[in-house]
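A look at the structure
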Amino acid sequence: MRITSRQILINTLSGVGAQLGSIVITLLLVPFLVHSLGVELYGLWAVIGSIIGYVGVLDLGVGSGFVRFLSEHLERGERAWAKQVMTFGLLFYLGLGLALAPLIYVLAPHMLAILKLAPQYRGTATDLLVLAFGYFVLSSALAVFEAMIMAFQQMYLASAISLGRRAIYAVTVVGLLEYGYGVYAIPYAMFLGLAISVAAQLVVVYRSFGSPWSNVARWDPVLIKRML
């Protein structure tokens with residue numbers, strides 16, 4: 001894949017544009033969320049989101065290597081190895097999520113007890129923690145599709161899908177709040193945005209590459225060792 005200066009410029013500008021668009025959406029949405037939910041409930045979601053963020057350190061750096069390995073093998077025409085990277089990435093995060101899910105479920109009440117929440121918020125906090133963790137696992141696993149798009153030097157498509165996902169989330173969360181879903185509108189809207197964006201990424205991947213999956217029984221242990 002030959003990278004031109006025009007491609008670099010388009011990818012850079014699209015990335016900056018997507019980030020600026022996301023910032024604008026956030027700046028417009030946060031005051032609405034605070035007004036609709038109240039300071040306590042919005043603050044509860046913000047704290048729980050930060051707790052889940054710390055779980056991200058458990059990927060051991062695997063996620064940051066996907067684009068690098070995919071780019072390397074695609075440039076060399078090693079489609080079979082690129083498929084192994086994709087399949088490994090998806091299964092790695094799903095496996096990590098399944099391994100941690102029982103622990104999160106059991107420890108959730110004890111973790112949230114540190115916050116000294118009012119009794120009426122304890123059940124909601126546990127629900128939000130489980131939903132946030134589920135979203136983290138799914139979004140991490142399905143990020144391999146975005147990594148493949150970026151490896152094809154189609155960052156402009158990745159940026160457009162990312163911004164679209166943020167816009168879908170914003171519209172959905174406003175609608176769900178209007179229908180009385182309360183603080184649960186936030187994770188529900190996030191899941192919907194994720195589902196639609198992954199569907200778009202799948203279309204791009206299949207059109208650019210074809211099926212990205214490999215047979216686990218035929219994995220090369222050398223490649224897995226390199227990624228880890």
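None of the values given here were measured: they were computed from a predicted structure. (Residues numbered from 1 in each chain as written. Predicted model: local features only at pLDDT ≥ 70, side-chain atom pairs only at ≥ 80, totals over all residues. Heavy atoms only, no water.)

1. Here we look at the overall build of the protein
The number of helices and strands found in the protein is eight helices and zero strands. Going from N to C terminus, the protein has its helices and strands arranged as α-α-α-α-α-α-α-α. For the protein, buried positions account for 41% of its 228 residues. Looking at the protein alone, contacts between residues at least 24 apart form 83% of all its contacts between residues at least 6 apart. Summed over all atoms, the accessible surface of the protein reaches about 12400 Å², with 67% contributed by carbon and sulfur. If you average the places of the 14 positive and of the 9 negative side-chain charges in the protein, the two averages end up 7 Å apart. (Helix = DSSP H or I, 4+ residues; strand = E, 2+ residues; numbered from the N terminus. Buried < 20%, exposed > 50% of the residue type's maximum accessible area, 1.4 Å probe, protein only. Contact = heavy atoms within 4.5 Å. Areas by Shrake-Rupley, 256 points an atom, 1.4 Å probe, with all protein chains shown as cover. Lys, Arg positive; Asp, Glu negative; His and termini not counted. Charge placed at Lys NZ, Arg CZ, Asp CG, Glu CD.)

2. Observations regarding the pattern of salt bridges
Scanning all chains against the criterion turns up three salt bridges. Taking the shortest distance from any N to any O, the salt bridge between E72 and R76 comes out at 3.2 Å. Residue R226 pairs with E72 through a salt bridge whose shortest N-O separation is 3.3 Å. Note that R226 is positioned in helix α8 (residues 221–227) and E72 in helix α3 (residues 62–75), a separation of 154 residues in sequence. Overall, the relative accessible area of 14% leaves E72 in the buried class. (Salt bridge = Lys/Arg side-chain N within 4 Å of Asp/Glu carboxyl O.)

3. Concerning the packing of helix α6 (residues 155–178) against helix α7 (residues 185–208)
Relative to each other, α6 and α7 sit at 150°, their axes nearing to 8 Å. Taken together, the axes of α6 and α7 lie roughly antiparallel to each other. Helix-helix and strand crossings are classified by hand; for α6 and α7 the assignment is right-handed. Class assignment of the residues belonging to the contact of α6 with α7 gives a composition of 17 nonpolar, four polar and one charged. (Axes fitted to C-alpha atoms, helices over the stretch in contact; angles between N-to-C directions. Parallel < 35°, antiparallel > 145°, perpendicular 65-115°, else oblique. Left-handed = near helix turned anticlockwise from the far one by under 90°. Nonpolar A, V, L, I, M, F, W, Y, C, P; charged D, E, K, R; others polar.)

4. With respect to the nonpolar core
The biggest cluster of nonpolar side chains holds 63 residues, and the ones touching the most others in it are V173 and I186. Counting residues per element, the ones that place at least two in this core are α1 (5–37), α2 (39–55), α3, α4 (79–113), α5 (119–151), α6, α7 and α8. Among the elements that line this core, the one with the most residues is α5, at 16 residues. (Core = buried A, V, L, I, M, F, W, Y, C linked by side-chain atoms within 4.5 Å.)

5. Considerations on α7
Given a rise of 1.5 Å per residue, 24 residues ought to cover 34 Å, and the 35 Å separating the end C-alpha atoms of α7 matches this to within 8%. All of the buried residues along α7 are A185, I186, P187, A189, M190, G193, L194, S197, V198, Q201, V204 and V205. Following α7 by one or two positions, G210 adopts a phi angle in the positive range, close to 100°. (Expected span 1.5 Å × (residues − 1).)

6. Things to note about the packing of α5 against α6
Relative to each other, α5 and α6 sit at 150°, their axes nearing to 8 Å. Put simply, α5 runs roughly antiparallel to α6. The two elements α5 and α6 meet at a crossing, and its hand is right-handed. Residues Y135, S139, E146, I149 and M150 of α5 pack against M155, L157, A158, I161 and R165 of α6. Class assignment of the residues belonging to the contact of α5 with α6 gives a composition of seven nonpolar, one polar and two charged.

Shape descriptors only; they carry no functional weight alone.
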